[in-house]
Amino acid sequence: MKKVLLLASLVLLMGCKKQGCTDPTALNYNPHATQDDNSCDYNAVENEIKGNITEDTTLTNDRIWVLNGRVSVVNGVTLTIEAGTIIKGNGGTGANSSCLIIARGGKINAVGTPEQPIIFTSITDDIQYGQNHGTILDPTIRGLWGGILICGYAPISAPGSTQSFQVEGIPASDQNGLYGGTVENDNSGIMEYISIRHGGAN
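What counts and what doesn't
Residues numbered from 1 in each chain as written. Predicted model: local features only at pLDDT ≥ 70, side-chain atom pairs only at ≥ 80, totals over all residues. Heavy atoms only, no water. Helix = DSSP H or I, 4+ residues; strand = E, 2+ residues; numbered from the N terminus. Buried < 20%, exposed > 50% of the residue type's maximum accessible area, 1.4 Å probe, protein only. Lys, Arg positive; Asp, Glu negative; His and termini not counted. Salt bridge = Lys/Arg side-chain N within 4 Å of Asp/Glu carboxyl O. Contact = heavy atoms within 4.5 Å.

## Thoughts on the side chain of Arg104
Inspection of the secondary structure puts Arg104 in the loop between strand 8 (99-102) and strand 9 (107-111). This buried residue, Arg104, is left without a salt bridge; Asp186 holds the nearest opposite charge, at 7.7 Å. Excluding anything up to four places from it in sequence, Arg104 contacts Asn75, Cys151, Gly152, Tyr153, Ser164, Leu178, Tyr179 and Gly180.

This is the structure:
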């Protein structure tokens, strides 16, 4: 009888393991999963954005957009994001982190509403378009993707400085990482009712 009870207890314990994709490099990685269920997805993502955005572009709220690596809105270009749009960033660290850069001279026009905020989050977030919240990531989890960097030509906060500097973590060969200058009324666009979640990768 004891052997039967022990076996039943082991089966119950094994059944309590949360199943999901346990590979952090997969697109559908679940940080809460303790047992891999062979569901990991490594395929290319629809609506993927990568590299430089070189012409005026609008991200619509009828699909999920995915940032793959450093995505830069370059000089003279405007990125418009509709209210209610969800943008997810792939993982990575350092120069390989996924992030959105508004380079000097580029602009962002991202105006959400209280009911339809614009949401930037991690690729591991299970939030779907039309929703305001996912279910698998605790709000305190950070560092799953890079974030948003808004550069500009305005003087930086160092007293008397009119120099430009490179954002830490972006290679010097990528001029989209420069910020600072002498244009005191510089304007990189507008952002209202934006939620940025799970960013801050090293």
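## With respect to the pattern of salt bridges
Counted under the stated rule, the structure contains two salt bridges. As a salt-bridge pair, Arg63 and Asp62 come within 2.9 Å of each other at their nearest N and O atoms. With a closest N to O distance of 3.0 Å, Asp174 and Arg70 form a salt bridge. Here Asp174 is found in the loop between strand 12 (165-166) and strand 13 (178-179), whereas its partner Arg70 is found in strand 5 (residues 64-73), with 104 residues between them in sequence. For Asp174, a relative accessible area of 11% translates into the label buried.

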